[in-house]
Amino acid sequence: MKSILVMGGTTFVSSSLAKYLIRKGYEVDILTRGEKLINYDGFREQIVCDRKSKVKMQEVLKNREYEFIFDISGYTGEDVDILLKSINRKKLKKYIFCSSGAVYKPSNIEVSESFEKGENPNWGKYGIDKKEAEDYIVNSGLPYVIFRPTYIYGENNNLYREAYFFDRIKNNKAIPIPFGNDTKTQFIHIDDLVEIFESAMYTKNNCKIYNVTNPEVVSWEEFVKTCGVVMEKEPIIKYIDINEIKLEVRSYFPFRDVTYMMDIEQLINGGFYVPKISLKEGIEKAYKWYIDEKPQLNDLKMDKVDELLL
């Protein structure tokens, strides 16, 4: 049985990964700050620690050994530095890090892993911090795999994205959509993502970085209309000309209005699990969760929706 440490375990991606690994029969510890309740069981131990404290991290991890570490909660070079200086490297076979496509510079085309990285005003400090974390890992001397996903969606998403569209459509409320940029983007369903993470334990391709997404390319209109098809209800769409209305798009829309497309040929050729869930299939799964769980979510940045629709 493989011994695994999951960094995180209470929010969307990390909890989905932990639950998946537990279901598959792995021996899983999770390390969290202890500020949120864990709504599942089956893990071996919850280690409560603030990962930003070097002293505390070294104290709680000094006598533990893991074959695999999945780092979902690391955002900065400092986060990675503290963790990798706290772990026992003796039995570690692979360190698997969740980065982001935000590390790339702006582009209107599909990008490969070799595309230029650096400051991207669309993502700000988040992308810069993730790049610094990647750079630290690459120079760490550890066997690693780094994944750069596009937008992640699906059941238990704590971000008000697909649930926002479900709410608006259900309540017969108009949905403002930015247009004027011919924006295209890609998504990865959470179930595909966790299987890709698991497959990283078995591939022999170490010390490499991989884009992660479903190759399906969609517009905002297609995304919203797919939600409507799944709900069997026509969404009310109001198109907002970004060249005419100079509002920040995130003040009325749950995504950044930028093209976000990545080539996954390297992932496919590397022997990893390949995404299979289409957008429609993924939205169906997300909508079933929405109906069953009735999540109460919001997005404080979207404070101009009603004002704009007036």
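Everything here concerns the structure above.
Residues numbered from 1 in each chain as written. Predicted model: local features only at pLDDT ≥ 70, side-chain atom pairs only at ≥ 80, totals over all residues. Heavy atoms only, no water.

So, the overall build of the protein
Next, step 1: Helix and strand counts for the protein come out as 10 helices and 11 strands.
Next, step 2: Compactness check: the protein gives a C-alpha radius of gyration of 20 Å against a globular reference of 19 Å for 310 residues, within 12% of the reference.
Next, step 3: Buried residues in the protein amount to 55% of all 310 residues.
Next, step 4: In the protein, 78% of the contacts between residues at least 6 apart in sequence involve partners at least 24 apart.
Next, step 5: Looking at the protein, you have 45 positive and 48 negative side-chain charges, and the mean spots of the two groups are 5 Å apart. (Helix = DSSP H or I, 4+ residues; strand = E, 2+ residues; numbered from the N terminus. Rg over C-alpha atoms; globule rule 2.2 N^0.38 Å. Buried < 20%, exposed > 50% of the residue type's maximum accessible area, 1.4 Å probe, protein only. Contact = heavy atoms within 4.5 Å. Lys, Arg positive; Asp, Glu negative; His and termini not counted. Charge placed at Lys NZ, Arg CZ, Asp CG, Glu CD.)

Overview of the sheet that holds strand β1 (residues 3-7)
Next, step 1: As summarised here, the arrangement of the 7 strands in space is β3-β2-β1-β4-β5-β6-β10, forming an open sheet in which the pairing is parallel. Each edge of the open sheet is held by one strand with a lone partner, namely β3 (45-48) and β10 (208-212). The sheet shows a mean angle of 20 degrees between the axes of neighbouring strands, taken without regard to direction.
Next, step 2: Note: β1 against strand β2 (residues 27-32), 5 bridges, orientation parallel. Bridge pairing links Met7 to Leu31 in β2.
Next, step 3: Lying over the sheet, helix α2 (residues 54-61) contacts β1, β2 and β3, oriented at roughly 160 degrees with respect to β2.
Next, step 4: Against the sheet, helix α4 (residues 125-138) makes contact with β5 (94-98), β6 (144-149) and β10, and its axis sits at roughly 160 degrees relative to β6, the strand it touches most. (Pairing = 2+ DSSP bridges. Axes fitted to C-alpha atoms, helices over the stretch in contact; angles between N-to-C directions.)

A short note on helix α1 (residues 12-23)
Next, step 1: Its 12 residues give α1 an end-to-end C-alpha distance of 17 Å, which sits within 8% of 16 Å, the value for a rise of 1.5 Å per residue.
Next, step 2: Burial analysis of α1 places 11 of its 12 residues in the buried class, the great majority of the element.
Next, step 3: For α1, every residue scored as buried is listed here: Phe12, Val13, Ser14, Ser15, Ser16, Leu17, Ala18, Lys19, Tyr20, Leu21 and Ile22.
Next, step 4: Against the buried residues of α1 lie β1, β2, β4 (68-71), β7 (151-153) and α6 (190-199). (Expected span 1.5 Å × (residues − 1).)

Some points on the environment of Gly25
Next, step 1: Assignment of secondary structure puts Gly25 in the loop between α1 and β2.
Next, step 2: A C-alpha to C-alpha distance of 9.1 Å links Gly25 and Gly42, two positions 17 residues apart in sequence.

This is a description of form; function is not addressed.
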